Amino acid sequence: MRFSRRTLSSVTVAVVVLLLGGGIYWRLGPAGGQARAAEPGDSSSAQVASGVSGAFSSDIPQPVSGIAVVRDTLWLSVNAAGRAEAVNRASLQAQVAGVVERVAVRENAAVASGQPLIQIDTTEYALNVAKAESDLRRARADYQ
């Protein structure tokens, strides 16, 4: 006779539950796991009863101490490692080289498409244009 795995598992769980339940009942049941019941005049049961009632008695005064209440601020600090990352990324590519003269935007400021972000020093470019114009005039003079 073959039993399925499910049947064997169910039977095993039922046996374990019954054994645990029986052990708990035997230990905590009316006899407390002892073969005989305690007699009313038994001294050991009186000692246990007085020990339990003395431990939880409200008739015995208990020493109490107190301190003055002070209103204060509770400071909690948390150290945590983390990594910040931008929601949107924008890649910038310089079209010309030069010295940055002025930055037109601040950090974390919103910018529109086509808005100038920096201003480059134009002195070097103005000198190159003047040199090119003088070379052009010289070439025209040589040609005529």
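This text goes with the structure placed above it.
This write-up is about the structure you can find in this document.

Thresholds applied
Residues numbered from 1 in each chain as written. Predicted model: local features only at pLDDT ≥ 70, side-chain atom pairs only at ≥ 80, totals over all residues. Heavy atoms only, no water. Helix = DSSP H or I, 4+ residues; strand = E, 2+ residues; numbered from the N terminus. Buried < 20%, exposed > 50% of the residue type's maximum accessible area, 1.4 Å probe, protein only. Areas by Shrake-Rupley, 256 points an atom, 1.4 Å probe, with all protein chains shown as cover. 1 Å grid on protein atoms, 1.4 Å probe; cavity = no way out; pocket = protein on both sides within 12 Å on 5 of 7 lines; lining within 4 Å. Points joined across faces, edges and corners; volume = space filled by probe spheres on them. Nonpolar A, V, L, I, M, F, W, Y, C, P; charged D, E, K, R; others polar. Salt bridge = Lys/Arg side-chain N within 4 Å of Asp/Glu carboxyl O. Patch = residues over 30% accessible without salt bridge, like charges linked within 9 Å, V, L, I, M, F, W, Y side chains within 5 Å. Contact = heavy atoms within 4.5 Å.

1. Examining the overall build of the protein chain
Phase 1: Broken down by element type, the protein chain carries 3 helices and 2 strands.
Phase 2: For the protein chain, the N- to C-terminal ordering of α and β elements is α-α-β-β-α.
Phase 3: With 144 residues in all, the protein chain has 1% of them scored as buried.
Phase 4: Element-wise, carbon and sulfur atoms account for 58% of the exposed surface of the protein chain, whose accessible area totals about 14,700 Å².

2. A closer look at the layout of surface pockets
Phase 1: Quantified by volume, the largest pocket comes out at close to 480 Å³.
Phase 2: Considering the residues around the largest pocket, the lining is formed by Leu92, Gln93, Ala94, Gln95, Val96, Gly98, Val100, Gln115, Leu117, Ile118, Gln119 and Ile120.
Phase 3: Broken down by element, the residue count for the lining of the largest pocket peaks at 3 residues, all from strand 2 (residues 118–120).
Phase 4: Among the residues making up the lining of the largest pocket, the classes are represented as 7 nonpolar, 5 polar and no charged.

3. Description of the pattern of salt bridges
A side chain of one charge can pair with a side chain of the opposite charge when the charged atoms of the two come close.
Phase 1: One pass over the structure, following the stated rule, counts 3 salt bridges.
Phase 2: Here Arg83 and Glu85 are joined by a salt bridge, their closest N and O atoms 3.8 Å apart.
Phase 3: Here Arg83 falls in the exposed class, since its relative accessible area comes to 74%.
Phase 4: Judged by its relative accessible area of 53%, Glu85 falls in the exposed class.
Phase 5: A network of salt bridges, in which partner residues are shared, links Lys131, Asp135 and Arg138.

4. Comments concerning a nonpolar patch on the surface
Phase 1: The grouping of Val16, Leu20, Ile24 and Leu28 at the surface amounts to a nonpolar patch, some 420 Å² of accessible area in total.
Phase 2: By the secondary structure assignment, Ile24 is in helix 1 (residues 5–28).

5. Digging into unusual backbone geometry
Phase 1: Positive phi is not limited to glycine here, since Asn108 has a value of about 65°.
Phase 2: Its location among the elements puts Asn108 in the loop between strand 1 (100–103) and strand 2.
Phase 3: Classification of Asn108 by relative accessible area gives exposed; the value is 77%.

6. Comments concerning the environment of Asp121
Phase 1: By the secondary structure assignment, Asp121 is in the loop between strand 2 and helix 3 (123–143).
Phase 2: For Asp121, a relative accessible area of 29% puts it in the partly exposed group.
Phase 3: It is 6.6 Å that separates the C-alpha atoms of Asp121 and Gly98, two residues lying 23 residues apart in sequence.
Phase 4: Dropping the residues within four chain positions of it, Asp121 is found in contact with Val99 and Glu101.

7. Some points on the environment of Ile118
Phase 1: In this structure, Ile118 sits in strand 2.
Phase 2: Separated by 17 residues in the primary sequence, Ile118 and Glu101 have C-alpha atoms spaced 7.5 Å apart.
Phase 3: Residues contacting Ile118, with those up to four places away along its chain left out, are Val100, Arg102, Val103 and Ala104.

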